[in-house]
Structures are given as C-alpha cells and as structure tokens.
Amino acid sequence: MQTTQLYIDGRFVAPKEGGTFEAIDPATEKAFAEIASGTAADVDLAVKAARKAFDNGPWPQMPASARASALRKVAEGIRGRLKEIAALETRDNGKPIPEAEWDIGDAAFVFDYYANLAEAHEAEGAETVDLGDDAFTSTISTEPLGVVGAITPWNFPLLMAVWKVAPALAAGCTIVLKPSEYCSASCAILAEIIDAAGLPAGVFNLITGTGPDAGAPLSDHPLVDKLAFTGSVPTGRKVMTAAAAGIRTVSLELGGKSPFIIFDDCDIDKAVEWILFGIFWNKGEVCSATSRVLVQRGLYPKLMERLVEATEAITIGPGDVKGIKLGPVVSKIQYDKVLAAIEAGKKTGAKLVTGGGRPEGMKTGYYIAPTIFAEVPTDAAIWREEIFGPVVCVNPFDTEEEAVALANDSPYGLAGAVMSDDLDRCERVAGKLRAGIIWINCSQPTFTQVPWGGYKSSGIGRELGTAGFMGFRETKQITRYDHTRTWGWYLGQ
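All figures in this text were calculated on a predicted structure; none of them were measured in a lab.

Now for the side chain of Ser-291. Residue position: Ser-291 is located in the loop between helix 9 (268-280) and strand 14 (292-296). Judged by its relative accessible area of 6%, Ser-291 falls in the buried class. Apart from residues lying up to four places away in sequence, Ser-291 is in contact with Lys-257, Ser-258, Ile-279, Val-391, Val-392 and Cys-393.

Once that is clear, we can look at helix 9. What sets the pattern is the α-helix's 3.6 residues per turn: residues three or four places apart point alike. The terminal C-alpha atoms of helix 9 lie 18 Å apart, and with 13 residues this matches the ideal 18 Å at 1.5 Å per residue to within 8%. For helix 9, the complete set of buried residues consists of Ala-271, Val-272, Ile-275, Leu-276, Gly-278, Ile-279 and Phe-280. Seen end-on, helix 9 carries its buried residues on one side only, within an arc spanning 165°. Tucked into the core, helix 9 has its buried residues touching strand 13 (259-262), strand 14, helix 10 (300-312), strand 16 (371-374), strand 17 (391-397) and strand 19 (415-419). Two residues or fewer after helix 9 comes Asn-282, characterised by a positive phi angle close to 55°.

Time to look at the nonpolar core. Ranked by size, the top nonpolar core spans 106 residues in total, and within it Phe-111, Leu-190, Phe-204 and Ile-262 carry the most contacts. Not counting chain neighbours up to four residues away, the residues in contact with Leu-190 comprise Val-74, Ile-78, Phe-111, Leu-158, Val-162, Leu-177 and Phe-204. Membership of the second largest hydrophobic core comes to 28 residues, among which are Ile-261, Val-329, Ala-380 and Val-429.

Before going further, it helps to spend a moment on the packing of helix 5 (residues 157-170) against helix 6 (residues 185-197). To characterise two packed helices, one gives the angle between the axes of the helices and the distance between these axes. As a packed pair, helix 5 and helix 6 sit with axes 9 Å apart at the nearest point and diverge in direction by 45°. By the criterion of interaxial angle, the relationship of helix 5 to helix 6 is oblique. As for the relative orientation of helix 5 and helix 6, their crossing is right-handed in sense. Listed contacts from helix 6 to Pro-157, Leu-158, Ala-161, Val-162 and Val-165 of helix 5 are Ser-186, Cys-187, Leu-190 and Ile-194. For the contact of helix 5 with helix 6, the per-class residue count stands at eight nonpolar, one polar and no charged.

Here we take up the pairing of strand 9 (residues 174-178). In terms of burial, strand 9 is a largely internal element, five of the five residues being buried. Every second residue of strand 9 is oriented toward a common face, with Thr-174, Val-176 and Lys-178 on one face and Ile-175 and Leu-177 on the other, all of them buried. Of the strand pairs in this sheet, strand 8 (residues 147-151) and strand 9 are connected by five bridges, and their pairing is parallel. By the bridge assignment, Val-147 is partnered in strand 9 with Thr-174. For the handedness criterion, the β-α-β arrangement of strand 8, helix 5 and strand 9 is classed as right-handed. Judged from the three bridges that link them, strand 9 and strand 10 (residues 204-206) form a sheet pairing that is parallel. In the sheet register, Leu-177 faces strand 10, and the bridge partner there is Leu-206. In the classification by handedness, the crossover that spans strand 9, the intervening helix 6 and the parallel strand 10 is right-handed.

This part covers the confidence of the model for the protein. Averaged over every residue, the pLDDT of the protein is 97; residues scoring 70 or more account for 100%. Averaged pLDDT values for the elements of the protein fall to 93 in strand 1 (residues 2-3) and rise to 99 in strand 10.

It is worth spelling out the environment of Arg-292 at this point. Tracing the chain through its elements places Arg-292 in strand 14. Overall, Arg-292 belongs to the buried group, its relative accessible area being 1%. As for Arg-292 and Gly-317, which are separated by 25 residues in sequence, their C-alpha atoms are 25 Å apart. Separated by 2.8 Å, the side chain of Arg-292 and the backbone oxygen of Ala-407 make a polar contact.

The next thing to look at is the packing of helix 13 (residues 400-408) against helix 14 (residues 423-432). For the pair helix 13 and helix 14, interaxial distance at closest approach is 10 Å and the crossing angle is 35°. Read as a crossing pair, helix 13 and helix 14 show a hand that is right-handed. On helix 14, the residues that touch Glu-400, Val-404 and Asn-408 of helix 13 are Arg-425, Arg-428, Val-429 and Lys-432.

The rules behind the values
Residues numbered from 1 in each chain as written. Predicted model: local features only at pLDDT ≥ 70, side-chain atom pairs only at ≥ 80, totals over all residues. Heavy atoms only, no water. Helix = DSSP H or I, 4+ residues; strand = E, 2+ residues; numbered from the N terminus. Buried < 20%, exposed > 50% of the residue type's maximum accessible area, 1.4 Å probe, protein only. Contact = heavy atoms within 4.5 Å. Expected span 1.5 Å × (residues − 1). Arc of directions from axis to C-beta. Core = buried A, V, L, I, M, F, W, Y, C linked by side-chain atoms within 4.5 Å. Axes fitted to C-alpha atoms, helices over the stretch in contact; angles between N-to-C directions. Parallel < 35°, antiparallel > 145°, perpendicular 65-115°, else oblique. Left-handed = near helix turned anticlockwise from the far one by under 90°. Nonpolar A, V, L, I, M, F, W, Y, C, P; charged D, E, K, R; others polar. Pairing = 2+ DSSP bridges. Right-handed = clockwise from strand over helix to strand, strands pointing away. pLDDT = per-residue confidence, 0-100. Polar contact = N/O pair within 3.5 Å; in protein donor to acceptor, adjacent residues only side chain to side chain.

Here is the structure:
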C-alpha cells in the first residue's frame, strides 16, 4: 500500500515518531493506504516553518500578482490530476465519482477565484478617509494576518481544505493544514501539487494525524495567529477555547440542522428533487443538509407518497460504479452513530416511513438505506440534532408563521430553504429565517463567490467570497499629521 508523508518547510518527511494509520475504503471496509501520523513534535516544526516563512520570507511581501501566479499553477495542477484525485476521494470517502469530480473541479476554481481577488484587492489600494480636519489625513489598508492553523473535515476532504488554504495563501498568510484523519489522502496530493507550483518553503505545510495527536497541538501552538476550523460543535468548542487562551483570531464552521419549507403551490416533482438533493447528496454528510423538511398540509400527503417512491428508487453501492447515487457513509464510527440516531428516532413516536438500516443484500461496506421519518416530535433528537447521514425528517405545517417559527426553533443557523411559486412569499420567508445561507426554490447549490457561514451554534465568521479573503487580512489605519504645522498642546505655541 502507498504510504504518505508530511510536508514541512518545503520537504516531504516522515513523522518524527514514524507512525502511520490506515485509510479505509468504506465500500469494502479494507485499508488501501498508510497515512503519516504526525504528533506534537511535527506540528511544532511545521508551525515554526510557517512562522519563519511569514516573518522573514518573501510570500507576505510579494505583489499580489506574484502570489496569484503561484495559485493559478496550483489550480492547473489540480485540474491536471482531477480524475486521479476524484477516484482517490471516492475510495477514501465513499461518495459517487461524479460528485467527487464536481468537488475537485470546484477546488481548482477556488484557487483561480482567490488569485483574481488578491489582484483586485491590491489594485483598489488603501482607502482614504475624510476626517473633517485638514491637519490630519488617514488611510485604511489591510495586510496579511499571519500564520494560520487550519483543521478541516472529512465530508469534502480536498474542497473544505481548499476553502481555507486558497484564500489564506492569496491573502499573503502562511498555513499549516491538518485534515481529518478519516480522509487525508487527497490533501497529500494537494501538498504535491503545491510543491510542484514552487511556493516558498514553509508557506504551506501539511500535518496528517489524529485530532488529539495533531489537531490539539496545532490549536494550542502559541505561534499560530489564526485558527480556522470546520467540524463538530464539541471539537469547535475546544478550538475556540484554545484560541481564547492565546487571544487569537478564530473562525468556526460547525454544521447545522437546516430547515426546508415547502408551500402547497409547488410542483411536486420539483419539490421532491430538491428534497432529495438537500439530504442525500454526499450521503447526507453535508453541514448544510436540509434535514428538517416542513411541508404545507395541503401538499403533504401527495408529496410524501412521491418522496418515498423516489427515495426507494435511489441506486446504492460503491461510488466507483456507474449510476450509483448513494455510497457508503465515511467510516465505521459514523455508520454506528447514524444507526444509533435512527434507533433513537424510532423510540420517539416518529413514523419510520422508509429505510432505517442496512440496505437488503449489502453485507459489506458502511451502507445505510436513505431514511425518512415523518410526524416527528419537534423535541426529538432526530429533529433537533445533526445526524450527518442519509436521514430526513418531514413534518406538516398549516401557516407561514408556523413554518417560520418551526424552522427557527433550533440551536443551529447555518442554512435554510423555502420553495413556493409565490416569489414575494419566498423573499418574505427568506428574510425571516435565522440562518447565514438561504436558498429559494432550491437546496444546497454553493458558489465560491458568495459568503458561507451561519448564525448561533453553526459557527463564527464566513468563508468564501470576499469575506473569505478578508478573514485572512488584518485592518490597519495610518493617520498622518501635517508636519508643517505645530500642535502646541503642551508647548503652548
């Protein structure tokens, strides 16, 4: 089996303690690679390399055009290995090949987008502010924030890493990336591509390893200026605590339990298509998945009938098989968690409409049949807590006000969706939903050009768009006094 290495200070190296862990194919439950398992000693070397590259290296001082040129080489490198990386992610994560190819193509676009944005930002220059006093002039500018520690999840292994790496590098920062131990293989290829693009040593560093052995030391390292984390709420709390201890900048994207409100003037097939996409894309392992569906009572019976029919027709199997729409969940741990949530849901009085366990005839692999619960108590865990698997809860509602209240009754606020042929109503409801991302007449389309992030327990800060770039810049004001004048406060002239 292939064995990966760490990437520290421009070199591929073995971990100090020489450890590895297995990458498991969730379709076969067999190992296919050995991943380098970094520890605190490796993290320390990587952070110090990033610190040196930021404080003394050329990267932060480079013209944006020079950084942009390097990032475009990375984008070209990703596109040149797109099929290879997509196949690897399918093997590592379980998602169908077409979904993986979509993700990898998007990752290349993210590098191009931030290359362009860096150049545009530099061209704008500093902002001059009218102070109302001609003795003083003041400008506002931004500069690179510093060393970034990025900890990323397993559901979109390369893409979620790139959401942090590309804007951080474009902004002039240096970075240490720690991907999830459940899916690290594609990030090892990213290190190869960045190395080939010729970025200065220490600007990008990769530490693969477990959360306790590598993620925690990265979060705690005093030389890191910003922690950027995507993952679970419990781990996010630990990252935020570590950031608070050092008074460091932090951004957190912590998932959600997103609502999807469907009014009774909708076309049933359109509604069903977006419900399926909203929860079964990537096996439901999506932080923004619209896993709470609210359907107006007049449409509810017919929609449920059509939804069950379409759900039971979804093709399940290994992601590398043509025509598969639902692969295995990522790991045995996640498989057990999702099944436990389903079993708990059965005990709440909710109606299990379809699915609820391993698909018939599939004895190997972490497969879970797409599952629908209906008439779910709104205080039940399956209605309120993120499951992160192919499980959707559907409840009826009567009025717009009721739907909005039910949608907002959640500790999360990452995303939400509304569907109606009445566009005025869609806009009205969208304005009332307490979430950072709202979709109208669709669910889950994601674009690099617009900000991503949520309210409440869904996190702090925004990724993507201009906000994603500015999150890696510090703001500086410089105020100048007219040196031909005398101030005279103390000297009394």
